[in-house]
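Chain by chain, the residues run as shown.
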Amino acid sequence: MEVPEAAPAAAAGVEAEGMSGGKGSWYVLEHTFIVLDKELIGGEFAPGNPHTEAMVGDVNIYMNDPDDMQLAEIEIMIAEHKSRGKGIGQEVILLMMAFAVEKYGIATFRAKISESNMASLKLFRKLGFKDASYSAVFKEVTLEVPADELQLRFPLTVGDW
Ligand SMILES: CC(C)(COP(=O)(O)OP(=O)(O)OC[C@H]1O[C@@H](n2cnc3c(N)ncnc32)[C@H](O)[C@@H]1OP(=O)(O)O)[C@@H](O)C(=O)NCCC(=O)NCCS
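Residues numbered from 1 in each chain as written. Predicted model: local features only at pLDDT ≥ 70, side-chain atom pairs only at ≥ 80, totals over all residues. Heavy atoms only, no water.

Asks: Before we move on, could you go through the site of the ligand and cite the residues and values that matter?
Replies: Taken together, the neighbourhood of the ligand is formed by 17 residues, with I76, I78, G89, N117 and K126 sitting nearest. Note that a nitrogen atom of the ligand is positioned 2.7 Å from one of the backbone N or O atoms of I76. At 2.9 Å from an oxygen atom of the ligand is found a side-chain nitrogen or oxygen belonging to S120. Relative to its free-state accessible area of 930 Å², the ligand is covered by the protein chains to the extent of 71%. Listing elements by their share of the shell around the ligand, those giving two or more residues are strand 4 (71-78), helix 1 (88-104) and helix 2 (118-126). With five residues, the single largest contributor to the shell around the ligand is helix 2. (Near = heavy atom within 4 Å. Polar contact = N/O pair within 3.5 Å; in protein donor to acceptor, adjacent residues only side chain to side chain. Areas by Shrake-Rupley, 256 points an atom, 1.4 Å probe, with all protein chains shown as cover. Helix = DSSP H or I, 4+ residues; strand = E, 2+ residues; numbered from the N terminus.)

Asks: Give me the environment of I41: which residues, what numbers.
Replies: Summarising the element assignment, I41 is placed in the loop between strand 2 (27-37) and strand 3 (55-63). Residue classification places I41 among the buried positions, given a relative accessible area of 14%. C-alpha of I41 to C-alpha of M55: the two residues are 14 residues apart in sequence and 8.8 Å apart in space. Once you skip the residues sitting within four places of it in the chain, I41 turns out to touch H51, E53 and A54. (Buried < 20%, exposed > 50% of the residue type's maximum accessible area, 1.4 Å probe, protein only. Contact = heavy atoms within 4.5 Å.)

Right under this line is the structure:
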């Protein structure tokens, strides 16, 4: 997988697999990208090299609604604090959503975020997600956006999968 030249981040280490949802029930399809901080890559970027020195987080989608497999829940984690605030979170969410539209035909994205997580709420709202519901029990906001309202770049520039 090639690292986009101008980008501060790269996504690599792709896995897609079905998981049983229980006895005789449905399968959850999920897909993960491991996030690399380009500034932390030691030496030249080499496709196929996991570049563990630069792993800073992950971004995941879950197609976990048996009534709507064109709906994907998305999660993002930039675990390394020194890699936050550099635009990486925003970039990899957009990359994952473009990938999900192209590979899985996703029509709607959903994110569930704690009401106290202002950074994430601001990030997803900035990208066009709108509040869809609120759980007082979990103190969590559910946000959604139709894929056709997103500014996604095609074709993707990170290679084939
Ligand atoms: C939330 C998180 C993904 C942001 O990643 P990041 O790479 O630091 O964010 P970016 O640099 O791409 O910022 C993009 C936008 O997010 C918002 N944002 C990010 N960090 C913020 C902060 N500390 N405070 C307020 N807004 C913030 C801003 O709108 C920002 O855009 P702007 O710079 O134009 O204002 C990261 O802090 C994280 O992993 N947090 C813990 C896990 C989590 O909360 N995941 C979300 C649940 S799905």
